[in-house]
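# Close look at the chain arrangement
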Amino acid sequence: ARDRVRASAERVPASARLPDLEFKYEQWGVPLARPYALGSADTLMFGLRQSFQALGSLDARSRAAAEEASMALGTQLTRAQDVIAQVRRAYFEYFRAETEYRIHLEHVEIATRVVELARSNYKAGRGTQQDVLRTIVQLSQLHNDIANIEQQRRSVRVLLNTLMARAPDAPLGAPPAPRPSHRELRVEELEKVLKESRPEVASAGHAV
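Let me sum up the structure you'll find in this document. (Residues numbered from 1 in each chain as written. Predicted model: local features only at pLDDT ≥ 70, side-chain atom pairs only at ≥ 80, totals over all residues. Heavy atoms only, no water.)

Secondary structure summary: the protein chain contains five helices and two strands in total. For the protein chain, whose C-alpha radius of gyration is 36 Å, the value lies well above the compact-globule estimate of 17 Å for 208 residues. Considered along the principal axes of its C-alpha atoms, the protein chain spans approximately 125 × 55 × 25 Å. In the protein chain, which comprises 208 residues, the proportion classed as buried is 20%. (Helix = DSSP H or I, 4+ residues; strand = E, 2+ residues; numbered from the N terminus. Rg over C-alpha atoms; globule rule 2.2 N^0.38 Å. Buried < 20%, exposed > 50% of the residue type's maximum accessible area, 1.4 Å probe, protein only.)

Dropping the structure here:
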């Protein structure tokens with residue numbers, strides 16, 4: 001997107017200049033049998049030719065090119081905002097998956113102890129076989145949940161690395177907990193800020 005902005009900006013001065021100067025050459029009366037015999041030609045003419053645009057057309061073309069460059073800049077800003085939003089979503093998803101994974105591991109450890117306790121009670125005659133089976137089923141469900149969360153962790157790590165232009169399998173540490181921000185929000189102010197900060201709206205204005 002930055003390269004498109006730079007290319008559009010370079011077209012602005014080019015649009016305001018006159019067409020390139022042209023070199024003109026004519027030869028008359030050269031013998032057909034010896035077209036290279038310029039000394040035998042009746043006439044040799046050399047000249048320069050320059051075309052001029054209608055009054056005000058170069059300025060209009062330059063202004064149009066400048067507006068196109070502003071449109072390209074709006075596209076770049078839009079792309080930057082999109083990437084920032086994707087990174088934020090991916091980071092919070094990564095934080096959620098890591099936190100959920102850690103909690104489920106603790107839950108599995110507790111459930112494993114419950115299964116052992118249920119088995120001990122069953123052997124001692126203080127429990128039933130259904131109690132043991134119920135705890136085993138719950139433990140197996142937790143293992144399935146951990147497998148799903150692990151898949152989510154891998155996927156979001158790949159996405160986050162890709163958005164940061166890193167290798168998909170690059171290592172990522174444990175994400176620190178985000179700090180929530182506290183502010184008073186008013187719908188009218190938010191709508192005003194939204195209209196002023198949306199690059200798409202500004203780019204559409206330049207297109208008009």
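Turning to a nonpolar patch on the surface, a few remarks are in order. Nonpolar side chains collect at one region of the surface, where L21, F23, Y25, L38, L44, F46 and L48 lie side by side and expose about 750 Å² of accessible area between them. Of all elements in the fold, only β1 (22–28) and β2 (43–49) reach the threshold of two or more residues within the nonpolar patch. The element contributing the most residues to the nonpolar patch is β2, with three residues. F46 gets classed as exposed once you look at its relative accessible area, which sits at 59%. (Patch = residues over 30% accessible without salt bridge, like charges linked within 9 Å, V, L, I, M, F, W, Y side chains within 5 Å. Areas by Shrake-Rupley, 256 points an atom, 1.4 Å probe, with all protein chains shown as cover. Salt bridge = Lys/Arg side-chain N within 4 Å of Asp/Glu carboxyl O.)

Time to look at helix α2 (residues 57–123). Between its first and last C-alpha atoms α2 spans 97 Å; for 67 residues at 1.5 Å apiece the expected length is 99 Å, and the two agree. Positioned one or two residues after α2, G125 has a phi angle of 80°, which is positive. (Expected span 1.5 Å × (residues − 1).)

Next up on the list: the pattern of salt bridges. Taken as a whole and assessed by the stated rule, the structure comprises 14 salt bridges. Ionic pairing is found between R153 and E150, a salt bridge with its closest N-O pair at 2.4 Å. In this pair, R153 and E150 are both assigned in helix α3 (residues 129–163), three residues apart and thus about one turn of the helix distant. E150 matches R153 in its accessibility class, with the two residues each being buried.

The next point concerns the side chain of S203. Secondary-structure assignment places S203 in helix α5 (residues 199–207). Leaving out residues up to four positions away in the same chain, S203 has contacts with M71 and G74. (Contact = heavy atoms within 4.5 Å.)

The next point concerns the packing of helix α1 (residues 2–15) against α2. It is at 8 Å that the axes of α1 and α2 come closest, and there the two elements cross at 170°. The orientation of α1 relative to α2 falls into the category roughly antiparallel. Here α1 contributes R2, R4, V5, S8, A9, R11, V12 and S15 to the contact with α2, which in turn contributes L58, R61, S62, A65, A66, E68, A69, A72, L73 and Q76. (Axes fitted to C-alpha atoms, helices over the stretch in contact; angles between N-to-C directions. Parallel < 35°, antiparallel > 145°, perpendicular 65-115°, else oblique.)

Further remarks concern the packing of aromatic side chains. A complete count under the given rule lists three aromatic pairs for this structure. Ring centres 5.0 Å apart and planes at 40° place the aromatic pair Y25 and F46 in the tilted group. Of this pair, Y25 sits in strand β1 while F46 is found in strand β2, placing the two residues 21 residues apart along the sequence. Its relative accessible area of 33% is what places Y25 among the partly exposed residues. Ring geometry for Y91 and F92: centres 6.0 Å apart, planes at 70°, overall edge-to-face. Classification of F92 as partly exposed rests on a relative accessible area of 45%. In this arrangement the basic side chain of R153 is found over the ring face of Y101, its NZ or CZ atom lying 4.0 Å from the centre. (Phe/Tyr/Trp six-rings, centres within 6.5 Å; stacked < 30°, edge-to-face > 60°. Lys NZ or Arg CZ within 6 Å of the ring centre and 35° of its normal.)

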